[in-house]
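# Coordinates in review
Below, each chain spelled out in residue letters.
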Amino acid sequence: MEAIDDLDLQLGMLREYYYSGKTRDASWRRSQLKGILSLLKEREDELFRALHQDLGKHPVEAYRDEIGCLIKSVNYALDCLSQWMSGRKAKLPRAALLTSAEIIPEPLGLVLIISSWNFPFGLSLEPLIGALAAGNVAVLKPSESAPASSSLLANLIPVYLDNKAVNVVEGGPDVGQQLLHKKWDKIFFTGSTKIGRAVMAAASENLTPVTLELGGKCPAVIDSLTRSLDREVAVQRVLGTKFSPCAGQACIAIDYVLVEEKFSPTLVELMKGMMKKMFGENPKESGSIARIVNKRHLQRLKSLLDDPLVKASIVHGGSMDEDSLYIEPTILLDPPTKAAIMVDEIFGPLLPIITLNKIEDSINFINSRPKPLAIYGFTNNESLKTRMISQTSSGSLTFNDAVIQYAADTLPFGGIGESGMGKYHGKFSFDTFSHQKAVLRRSFLIDFWFRFPPWNDYKLQLFRAMYGFNYLLLLLITLGLKRSK
Amino acid sequence: MAEEENRVFGASEASLLIRELRDSFKSGRTKSYDWRVSQLRGIEKMIEEREKDIIQALYMDLSKPELESFFSEISTSKSSCKKALKELKKWMMPEKVKTSMTTYPSSAEIVSEPLGVVLVISAWNYPFLLSLDPVIGAIAAGNAVVLKPSEIAPATSSLLARLLEEYLDKSAIRVVEGAVPETTALLDQKWDKIMYTGSGRVGRIVMAAAARHLTPVILELGGKCPAIVDSNVKLEVCVRRIIAGKWAANSGQACISIDYIITTKQFAPKLIDALKKGIEESFGEKPIESPDMSRIVNAFHFKRLVNLLDEERVYHKIVLGGQREEKLLKIAPTVLLDVPEDSQIMQEEIFGPMLPILTVENLEEGFEVVNSKPKPLAAYLFTNNEQLKKEFVQNVSAGGMLVNDAILHVTVPGLPFGGIGESGIGAYHGKFSFDAFSHKKGVMYRSFEGDSSVRYPPYTPKKQRLLKALINGNIIGIILALISWYRK
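Position numbers for residues start from 1 in each chain and track the written sequence from start to end. Chains and ligands are labelled sequentially in the order written, the chains with letters from A and the ligands with numbers from 1. Predicted model: local features are reported for residues with pLDDT of at least 70 only, side-chain atom pairs are reported and counted for 80 or more only, and whole-chain, interface and lining totals are derived from all residues. Working from all heavy atoms in the structure, the side-chain values ignore hydrogens and water.

Let us now look at the overall build of chain A. The helix and strand inventory of chain A stands at 19 helices and 18 strands. For chain A, the spread of C-alpha atoms along the principal axes amounts to about 90 × 55 × 35 Å. For each residue, the accessible area found with a 1.4 Å probe, counting protein chains only, is set against the maximum for its type, and the residue is called buried under 20%, exposed over 50%, and partly exposed in between. Relative to its 485 residues, chain A shows a buried fraction of 62%. Two residues qualify as a contact provided that any one of their heavy atoms is within 4.5 Å of a heavy atom in the partner residue. Long-range contacts, defined as pairs at least 24 residues apart, comprise 70% of the intrachain contacts of chain A with a sequence gap of at least 6. The protein chains shown are the only cover counted for residues, whose accessible areas, like all others here, come from Shrake-Rupley with a 1.4 Å probe. Just so you have it, chain A exposes about 18100 Å², and 54% of that area is on carbon and sulfur atoms. Every helix listed is a DSSP run of H or I at least four residues long, and every strand listed is a run of E at least two residues long, numbered separately from the N terminus.

Set out below in structure tokens:
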């Protein structure tokens, strides 16, 4: 049993630092964001090494998915910080003379960020950027399943950030449990749906607001594209965004493909060709595929293929090397839809293709399953696009590409239903770690004297006029030119 | 009819209900602009035509004076409805957002979609408003909704059940009356959102139930809303506003009514005198007999409040009022001076017509007192000192704040109404209601042109350089990398 020494003491000190007001300062927040930037730029090699050690990630993949993305996000936050901090004025009805109303963002206080193992730096630092920009103090609990990354974060954060405001607590589920039962002003959790429930249940003890970034089966609907350029780009994007980010172990990776039966042979051929182009004859040696994170997940993925009907549906790949935690990028054609591979979130380099009669059937198919974090549609058919937008529900929806919405600072990134609650990225990160406080200021000079008891019919009449924003009537009644009924 | 009344609303009824509403929602009916408008117009009509019935129900449940019912519940619901009708088209429009070089070329927008089937559990103190306002938001956002009004305001609960059935589309909007068993049966179901107004204790139960289904929640809870009063104020105006924010607000039974006052030792006597005068002006010489104040809602709360008052160390701190009339469930406007900090009346939310005044040496100390307690739903400051106002806004945390008045901020539709910490999660009113009951879906459009193989394996050092430059938006870097790229 891993114990956290003096956790309460540690949290008490973080809170005290928060109450000192230091983190409210714009200059302090900027210094922290710049600290993250320096960490990313100066220690890039160590970050790459840790990701390679934990997950076998190639540096280009690591840069594309984590380091580069973080640098972009920090720069965006630095550019926008003053604007985000300044709050905004709220509109008032004309009757509200000599009154001002505004919404002022303030930090929540002490926040807990629990991140996942598949993008250990991205999923730790992206929320942290929001938490610090919003002026909070934070505890970061990285995943123990990516130990090199977790330990690197624990070493680097005290060097680059204000360690009176940001603490890293390493450990496994026991440590996670201990943390969850403390009092936080916000909990930000990235991980599985199952643990998400436990996090929210624990949070309810203290009425702690939560953002849960969970998972789901993200479908890619591939229409029968006619132009060869479109086909090539679509296949490249589908395969590239399935197998390239952490070997498919990503919450927004394409989980499965839906295609019209007529088009499926063409699709499978194109995919086979593209696989060779991307990963070569021997994908294992290409260095372009990440590893499965650990034996447990490898066994889990292996067992998805145990079902003989599923195994029989493999059209490409299927080989594994358990010792090196490697699974070959695998494509399946029409495995049974009741098999585990089509019920559970795959989170690995297995890509089932399900064929349908008509491509429009994909909408019902998707809607009969829990709402996913993302839905992807590869099509030029405008009416299909419109139908997908209005008739399906997901965290987000992207047309003719996948995963790339993660890099958009202006789009909210988050789930719905079983795929999560809350959102972040860009200003949404700042907002998710802020309280939008309503502030109304009145002067003593003007008052509607009829606001106060004792009550009579005359006052009622005035109220009716005022609430109807009928100023003329209000004036007339006040002047005595209109009598009460 | 009698059969219906005897049928218990349990798990199977709740499950059937939610299935019915889900089918209605799936049919797409509630998503259409026309449906939403028709329902909102129905609510507007309902309020206009049945004003008398509503006032009567509120009088039966709370002895609420007609005028108070009018401006605090009826007008506010109507305005909320009117606002939604006026702005709905705008609110429903997708919001285009800019995209950057990192995702070039692309276009993107944020689309608001309804969550599905939502549950609104309301409270007893403003039983009409706190039921209708959230329902207005849920409908405006295109959801199907079940309303569970509070059984502690039974006349209003039963009126709501009848009126909503009569004026609105019952295939998508339903009322379930009842108490703990019915609420529990409802909470066991899977909702797409739950909004609860009430106490922190039950708020925790609601959130824990919601966690089982990963249902997001809005919790509008309570707290001890302080009013800090400076000496440099226009005392008469100040006192009138304090009265409006305490005793004219359902006899202090309001989540945002002033719970206690903090003022300087020096100023307290003047403030107390002014309060005495003000209370007499508003409610007459025998305030307990005034028809212009609500009564205490029921015997349970009456007893609770009397216990707070009769605590030994508290009772002789009364400087004004203290009378009670059990048969009428009335307690006179009561002011107390410097009750002990650890007395029950200073530990729990009062939710009644007693107003403790705490004195401090200076008002900054007052801020510390407020910050030492759980964050309240609202905090008030009465002063003409600009510096003090600034410090107040900067250093005190509350759901919302008001300078030089009380309660009013909730009538501004442009301001979010919600708590923080113990006083709640989430906010609503105006567009915030629409947003609270919507899912903001990010939609990104990419074309098949303009792609770069840079993103995909096989990875080469050249790709890495270009990728770096692209992500950083570094124009020179991009050009250089592209040049070396094409040199191959």
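In this section: unusual backbone geometry. Backbone torsion omega between B:Tyr104 and B:Pro105 reads -5 degrees, so that peptide bond is classified as cis. Looking at where B:Pro105 falls in the secondary structure, it is placed in the loop between strand 1 (95–97) and strand 2 (106–114). If you check the backbone angles, A:Ala247 has positive phi at about 50 degrees while not being a glycine. Mapping A:Ala247 onto the fold places it in the loop between helix 9 (228–243) and strand 9 (256–260).

All names here are of chain A. Mapped onto this numbering, the UniProt entry gives "active site" (unreviewed entry) at Glu213 and Cys251. Spanning 39 residues, the named residues nonetheless gather at one spot, since no C-alpha pair among them exceeds 8.7 Å. Mapped onto the secondary structure, Glu213 falls in strand 7 (residues 210–213). With relative accessibility at 3%, the residue Glu213 sits in the buried group. Leave out the neighbours within four places in its chain, and Glu213 touches Phe188, Phe189, Thr190, Gly191, Phe413, Gly414, Ser419, Gly422, Lys423 and Tyr424. A residue is classified by how much of its surface remains accessible, and Cys251, at 15% relative accessible area, is buried. Setting aside anything within four residues of it in sequence, one finds Cys251 in contact with Asn118, Leu214, Cys218, Glu345, Phe347 and Leu373. UniProt positions are given in the numbering used here, feature names are shortened, and annotations may be inferred rather than shown by experiment.

Attention now goes to the domain arrangement of chain A. All names here are of chain A. Each domain's limits were defined by an automated method or a database of domain assignments. What the domain assignment lists for chain A is domain 1 (4–214 + 425–436), domain 2 (219–414) and domain 3 (450–485). A C-alpha centroid distance of 30 Å is found between domain 1 and domain 2. Contact with domain 1, which involves 27 residues of that partner, is made by 25 residues of domain 2. Buried area: the accessible surface (1.4 Å probe) lost by two parts on joining, summed over both. For the domain 1 face of the interface with domain 2, the top three residues by lost area are Trp117, Glu213 and His425, together amounting to 27%. Criterion for a salt bridge: a side-chain nitrogen of Lys or Arg within 4 Å of a carboxyl oxygen of Asp or Glu. Connecting domain 1 to domain 2 are one salt bridge. Asp409 serves as the salt-bridge partner of Lys72, at 2.7 Å between the closest nitrogen and oxygen. We call two N or O atoms a polar contact when they sit within 3.5 Å, provided that within protein one can donate a hydrogen and the other can accept it, with sequence-adjacent residues counted only if both atoms are side-chain atoms. The tally of links from domain 1 across to domain 2 stands at nine residue pairs in polar contact (both at pLDDT 80 or more). Listing elements by their share of the side of domain 1 that touches domain 2, those giving two or more residues are helix 3 (44–55), helix 4 (59–85), helix 5 (122–133) and helix 17 (427–432). A per-element tally of the side of domain 1 that touches domain 2 places helix 4 first, with seven residues.

A word on the packing of helix 5 (residues 66–92) of chain B against helix 6 (residues 129–140) of chain B. Residue and element names in this part refer to chain B. All axes are obtained by fitting lines to C-alpha atoms, using only the stretch in contact for helices, and the reported angles, taken between N-to-C directions, cover 0 to 180 degrees. Following both chains from N to C, one finds helix 5 and helix 6 inclined at 5 degrees, their axes separated by 9 Å at the closest point. As summarised for this structure, helix 5 and helix 6 are arranged roughly parallel, according to the angle between their axes. Together, Ser72, Glu73, Thr76, Ser77, Ser80, Cys81, Ala84 and Leu88 of helix 5 and Leu129, Leu132, Asp133, Ile136 and Ala140 of helix 6 make up the contact between the two elements. Partitioning the contact of helix 5 with helix 6 into residue classes produces seven nonpolar, four polar and two charged. Angles are sorted into four bins: roughly parallel if under 35 degrees, roughly antiparallel if over 145, roughly perpendicular if 65 to 115, and oblique for all others. Each residue gets one label: Ala, Val, Leu, Ile, Met, Phe, Trp, Tyr, Cys and Pro are nonpolar, Asp, Glu, Lys and Arg are charged, and the others, such as Gly, are polar.

Counting residues in each nonpolar core, the largest one holds 257 residues, and the members touching the most others are A:Val257, A:Met271 and B:Tyr380. For this core, the leading source of residues is helix 4 of chain A, giving twelve residues. Excluding residues within four positions of it along the chain, A:Met271 makes contact with A:Ile222, A:Val235, A:Val238, A:Leu239, A:Val257, A:Ile331, A:Leu351 and A:Ile353. Grouping buried Ala, Val, Leu, Ile, Met, Phe, Trp, Tyr and Cys residues that are joined through side-chain atoms within 4.5 Å yields what is termed a nonpolar core. Counting 36 residues, the second-largest nonpolar core is a separate cluster that includes B:Tyr260, B:Ile350, B:Val360 and B:Val396.

What makes two strands pair is DSSP finding at least two bridges between them. Across the sheet, ten strands lie side by side as 1(A)-2(A)-18(A)-16(B)-15(B)-8(B)-9(B)-14(B)-13(B)-10(B); this open sheet has mixed pairing. The open sheet is flanked by strand 1 (88–89) of chain A together with strand 10 (318–320) of chain B, the only strands paired with a single partner. As paired strands, strand 2 (residues 99–107) of chain A and strand 18 (residues 434–442) of chain A are joined by nine bridges and run antiparallel to one another. By the bridge assignment, A:Pro107 is partnered in strand 18 of chain A with A:Ser434. The strands touched by helix 10 (residues 235–244) of chain B within the sheet are strand 18 of chain A together with strand 8 (226–229), strand 9 (260–264), strand 14 (354–360) and strand 15 (378–382) of chain B, with strand 15 of chain B carrying the most contacts at an inclination of about 165 degrees. Packing against the sheet, helix 15 (residues 363–371) of chain B makes contact with strand 8, strand 9 and strand 14 of chain B, and its axis sits at approximately 150 degrees to strand 9 of chain B.

Examined against the element boundaries, B:Ser69 turns out to sit in helix 5. Apart from residues no more than four positions distant in its own chain, B:Ser69 is found in contact with B:Ile55, B:Leu58, B:Lys64 and B:Ile74.

Bringing the pattern of salt bridges into the picture now. Residue and element names in this part refer to chain A. Taken as a whole, this structure holds 51 salt bridges over all chains when the rule is applied. The salt bridge partner of Asp8 is Lys182, with a shortest N-O separation of 2.9 Å. Highlighted residues: Asp8 in helix 1 (residues 7–19) and Lys182 in the loop between helix 7 (173–180) and strand 6 (186–190), separated in sequence by 174 residues. On the accessibility criterion, Asp8 (52% relative accessible area) is exposed. The class of Lys182 is partly exposed, set by a relative accessible area of 21%. Close ionic contact of Lys217 with Asp255 constitutes a salt bridge, the shortest N to O distance being 2.6 Å. Residue Lys217 is found in the loop between strand 7 and strand 8 (219–222), and its partner Asp255 is found in the loop between helix 9 and strand 9; the two are separated by 38 residues along the sequence. The burial state of Lys217 is the same as that of Asp255; both residues are buried. Via salt bridges that share partners, Lys89, Glu102 and Arg441 belong to a single interconnected network.

Between chain B and chain A, the contact holds 103 residues from the first and 109 residues from the second. Between chain B and chain A the total buried area reaches about 8700 Å² when both faces are included, carbon and sulfur atoms providing 63% of it. Across the contact surface, chain B and chain A share two salt bridges. Across the pair B:Asp405 and A:Arg442 runs a salt bridge whose closest N-O atoms are separated by 3.0 Å. In the side of chain B that touches chain A, the residues fall into 49 nonpolar, 28 polar and 26 charged. One ladder, built from four bridges, connects strand 16 (residues 396–399) of chain A with strand 20 (residues 438–446) of chain B; its direction is parallel. From the neighbouring strand, A:Thr398 faces strand 20 of chain B, where its bridge partner is B:Met444.

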